[in-house]
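Listed below are the residues making up each chain.
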Amino acid sequence: MRKTTFLFVLGTVFSLSSTLVSCGGDDDSSDPIVNPDPITPQEPPQNEGMTPLQQKERLDVIAKEFMNLTPASDFKNIANLYNYISDTYTDNYDWDTVGDWAGDIFDSLREQVGNPVVEKDGGYSFVATNYKTILLASNFTSHFTASNGKWTRQDANDLQFIFKDQNSKECVLKLETSGNVKKVHLFNLEDWDWEWDGNSYTEYLDRTQMIIGVPENIVVTLTQGGSQVVKVTVKVNLASIDNEEFDLSKSSVTASTLVEINNGYKINVSQVAYKANSGAAVTFEMSKNGTSLASVAFSSSLSGIPSAIISDIDDIDFDNANMKNAYVKLDILGKLQIQGKLSDVRKYVDYLESANDNEDNEKNFKSYITQANSLLDLNLFYDGKAVKQASVKFEPFAGESWGGYQYWDAEPVLYFYDGSSYSTFEAFFNDKDFKSVIDTFKGLADKYATLINERIDW
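A brief structural summary. (Residues numbered from 1 in each chain as written. Predicted model: local features only at pLDDT ≥ 70, side-chain atom pairs only at ≥ 80, totals over all residues. Heavy atoms only, no water.)

On a plain count of helices and strands, the protein comes out with eight helices and 18 strands. Split into buried and exposed, the 458 residues of the protein put 39% on the buried side. As presented, the protein carries roughly 24900 Å² of accessible surface, and 48% of it is formed by carbon and sulfur atoms. (Helix = DSSP H or I, 4+ residues; strand = E, 2+ residues; numbered from the N terminus. Buried < 20%, exposed > 50% of the residue type's maximum accessible area, 1.4 Å probe, protein only. Areas by Shrake-Rupley, 256 points an atom, 1.4 Å probe, with all protein chains shown as cover.)

Rendered as structure tokens:
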């Protein structure tokens, strides 16, 4: 329990903000989005098709513009604060008060279910005891203040960690929840022990059901000197929870995450949606001062989801599960769009695996690759226009010859409107044509790594 509560909340804030990664969604409906804002591909009309060289030049410009808009200096202040907190309040700080507080609460919430089950066989005994723990945010409320190398606790109605930054300004990390709470059985903990008294051997198993109370609204804020640094807002709507169990074939969930940083960046995952045996969807956008930097949209229909509870995830059989009409769209600065649709995910995977199983049979290998390609429609667009400037498909290639057999392989290939193609992505995105972009990216990555006192070995 040592430092876990504080570092979990703090890590959530900083990881969501500094790495720009999150997950969530906020639609009140349990129905997932289907193909959000798709582009209907069109073949290039006369004089609108871009040559491979023109596209290299365009991609070079877009990549540099994106990196110029996201300099490491944007995160200098927040990185300095994070580094100070990490250096000052973690390993060299006394967390016993926090650890004891969390441990006591956890122990108080653990209740035995039924009587222990005892099995005996000669000098061997087995004793299994079942427990149940319901963890609610309302159970973990206190204000902790950092001073003189340790944390002191006060009773409160929410959870706060209060500490000083490198300039002695007061910082407050605060967790608040509201709305209805859905209890969900997520996983089980097993604790094994044994005892030998010289004559007999006894094994003990304590099995604890971990049930988490998921509130509708979760807000985490970090303030510095009274000003907000980061705010993370999570909204969750769980539906069809039966007896605290999330059944993959019956239940549904929608959620959202909005991360707001005081440097103008926002990370908005406006919807993650799952509806049993119906569909799933995700929409994500990263922006800076109101300008969209990148967005991703995904959706797919679902079928064959087994009737199983999520707490038994390791034992669930997904052999009959499938995703159809899987759609994804990536947009960079509104200037580059990559859109793909896979009509049948299971068939696609099966065809590629069958091709691999027939790598020494040219006819069969090529046939399976052709069938896989027939399921995928992946294209490149610019400026939100419907004009398809390039497509991606797998293409078979003769590989090594060994033991009297010719082996075959497949690589993704870029195809252009003029009939030209690049046999591999590496051939198109080569170090010579994209040297400036690669050098700029390495420099940017090194600057980000320096912010958190790390080093990248290229």
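Time to look at the pattern of salt bridges. Side-chain pairs of opposite charge can arise whenever the charged atoms involved come near each other. Evaluated as defined, the whole model comprises 13 salt bridges. With its nearest N and O atoms 3.7 Å apart, the salt bridge here joins Arg207 to Glu190. One end of the pair, Arg207, is in strand 7 (residues 201-224); the other, Glu190, is in strand 6 (residues 170-196), and 17 residues separate them in sequence. One salt bridge in this structure joins Lys324 and Asp344, with 4.0 Å as the shortest N-O distance. Placement of Lys324 in strand 13 (residues 322-332) and of Asp344 in strand 14 (residues 336-344) is noted, with a sequence separation of 20 residues between them. (Salt bridge = Lys/Arg side-chain N within 4 Å of Asp/Glu carboxyl O.)

Here helix 3 (residues 76-88) spans 18 Å end to end across 13 residues, near enough to the 18 Å set by a 1.5 Å rise per residue. For helix 3, every residue scored as buried is listed here: Ile78, Ala79, Leu81, Asn83 and Ile85. (Expected span 1.5 Å × (residues − 1).)

Where helix 2 (residues 52-69) meets helix 8 (residues 435-451), the closest approach of the two axes is 10 Å, and the angle between their N-to-C directions is 15 degrees. Between helix 2 and helix 8, the interaxial angle falls into the category roughly parallel. The interaxial crossing formed by helix 2 with helix 8 has left-handed handedness. When helix 2 is examined against helix 8, the residues Asp60, Ala63, Lys64 and Met67 are found in contact with a partner set consisting of Ser436, Val437, Thr440, Phe441 and Leu444. Broken down by class, the residue content of the contact of helix 2 with helix 8 amounts to five nonpolar, two polar and two charged. (Axes fitted to C-alpha atoms, helices over the stretch in contact; angles between N-to-C directions. Parallel < 35°, antiparallel > 145°, perpendicular 65-115°, else oblique. Left-handed = near helix turned anticlockwise from the far one by under 90°. Contact = heavy atoms within 4.5 Å. Nonpolar A, V, L, I, M, F, W, Y, C, P; charged D, E, K, R; others polar.)

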